[in-house]
Amino acid sequence: MPSSHTDLVAQLVRLIDIRLLDPLEILLDGDDAVVALRDIVRLRAEAWATQMLDGDDRVAVGAIVRAISTLYPGDAPFDPPLDWWRSPLGQVVARRTGHPTAQSVSYAVAGAMLGITRQGVHDLANRGKLARHPEGGVVPASVRDRLLQQGDRHA
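S.K.: Pulling in residues and values, what's your account of the packing of aromatic side chains?
M.R.: Throughout the structure, instances matching the rule amount to 4 aromatic pairs. Arranged with centres 4.9 Å apart and planes meeting at 85°, the rings of Trp-84 and Trp-85 form a pair that is edge-to-face. Given a relative accessible area of 7%, Trp-84 falls into the buried group. A relative accessible area of 1% places Trp-85 in the buried class.

S.K.: Before we move on, can you summarise the side chain of Arg-146 with the specific residues and values?
M.R.: Turning to its location among the elements, Arg-146 is positioned in helix H7 (residues 140–154). Of the side chains with opposite charge, Asp-123 comes closest to the buried, unpaired Arg-146, at an N-O distance of 10 Å. Among residues more than four places away in sequence, those in contact with Arg-146 are Leu-114, Leu-124, Lys-129 and Leu-130.

S.K.: Just give me the short version of a nonpolar patch on the surface, but keep the residues and values in it.
M.R.: A cluster of nonpolar residues, Leu-24, Leu-27, Leu-28, Leu-37 and Ile-40, forms a patch on the protein surface that exposes about 430 Å² of accessible area. Broken down by secondary-structure element, the contributors of at least two residues to the nonpolar patch are helix H1 (3–27) and helix H2 (32–54). With respect to the helices and strands, the residue Leu-37 is situated in helix H2. When its relative accessible area of 34% is taken as the criterion, Leu-37 is described as partly exposed.

S.K.: Could you give me a rundown of the nonpolar core, with the residues and numbers involved?
M.R.: Judged by nonpolar contacts, the single largest core of 38 residues is most densely connected at Leu-12, Met-52, Trp-85, Leu-89, Val-93, Val-138 and Val-143. Breaking this core down by element, the ones donating at least two residues are H1, H2, helix H3 (57–71), helix H4 (88–97), helix H5 (107–114), helix H6 (118–126) and H7. Top contributing element to this core by residue count: H1, with 7 residues.

S.K.: For unusual backbone geometry, give the residues involved together with the corresponding values.
M.R.: Unusually for a residue other than glycine, Asp-29 sits at a positive phi of about 55°. Within the secondary structure, Asp-29 sits in the loop between H1 and H2.

S.K.: Give me the lowdown on the packing of H3 against H4, citing residues and values where you can.
M.R.: In the contact formed by H3 and H4, the axes pass within 10 Å of each other and the chain directions differ by 135°. On the basis of the axis angle, H3 is oblique to H4. Considering the relative orientation of H3 and H4, their crossing is left-handed. Contacts from Asp-57, Ala-60, Val-61, Ile-64 and Ile-68 of H3 reach H4 at Leu-89, Val-92, Val-93, Arg-96 and Thr-97. Each residue belonging to the contact of H3 with H4 can be placed in one class, and the counts come to 7 nonpolar, 1 polar and 2 charged.

Calculation criteria
- Residues numbered from 1 in each chain as written.
- Predicted model: local features only at pLDDT ≥ 70, side-chain atom pairs only at ≥ 80, totals over all residues.
- Heavy atoms only, no water.
- Phe/Tyr/Trp six-rings, centres within 6.5 Å; stacked < 30°, edge-to-face > 60°.
- Buried < 20%, exposed > 50% of the residue type's maximum accessible area, 1.4 Å probe, protein only.
- Helix = DSSP H or I, 4+ residues; strand = E, 2+ residues; numbered from the N terminus.
- Lys, Arg positive; Asp, Glu negative; His and termini not counted.
- Salt bridge = Lys/Arg side-chain N within 4 Å of Asp/Glu carboxyl O.
- Contact = heavy atoms within 4.5 Å.
- Patch = residues over 30% accessible without salt bridge, like charges linked within 9 Å, V, L, I, M, F, W, Y side chains within 5 Å.
- Areas by Shrake-Rupley, 256 points an atom, 1.4 Å probe, with all protein chains shown as cover.
- Core = buried A, V, L, I, M, F, W, Y, C linked by side-chain atoms within 4.5 Å.
- Axes fitted to C-alpha atoms, helices over the stretch in contact; angles between N-to-C directions.
- Parallel < 35°, antiparallel > 145°, perpendicular 65-115°, else oblique.
- Left-handed = near helix turned anticlockwise from the far one by under 90°.
- Nonpolar A, V, L, I, M, F, W, Y, C, P; charged D, E, K, R; others polar.

Rendered as structure tokens:
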């Protein structure tokens, strides 16, 4: 298994432990059922990572949307910190969806998604390598396309 798969599984398991299972364990006073859930989560995280990395677009996006909406709930739009985009989950989200909810992302967010500076994004937008959004920022799909092109060159 490539390390990106292993790293993604580890991040998913860690997030589910912290956000869902640890609080449940506290509420249930350490019930053994939570131990069984941790085993199930480890197994399912393998499948989710495979779907996100290797599934067709519909399957990958479905797995990503379920994970994001479950692990990052809230009434506000999904807006993770810039360093999140460098995480295994952030990178697979950027490559498969661009951004799961935004029609436009700032140059700073696009830079985090691409692993470059805001100025680098500005230069790419000026050269027509990233699509500008009419209301500001860049179109997330163009960031995704750029990441996919870079992946093809490195393969």
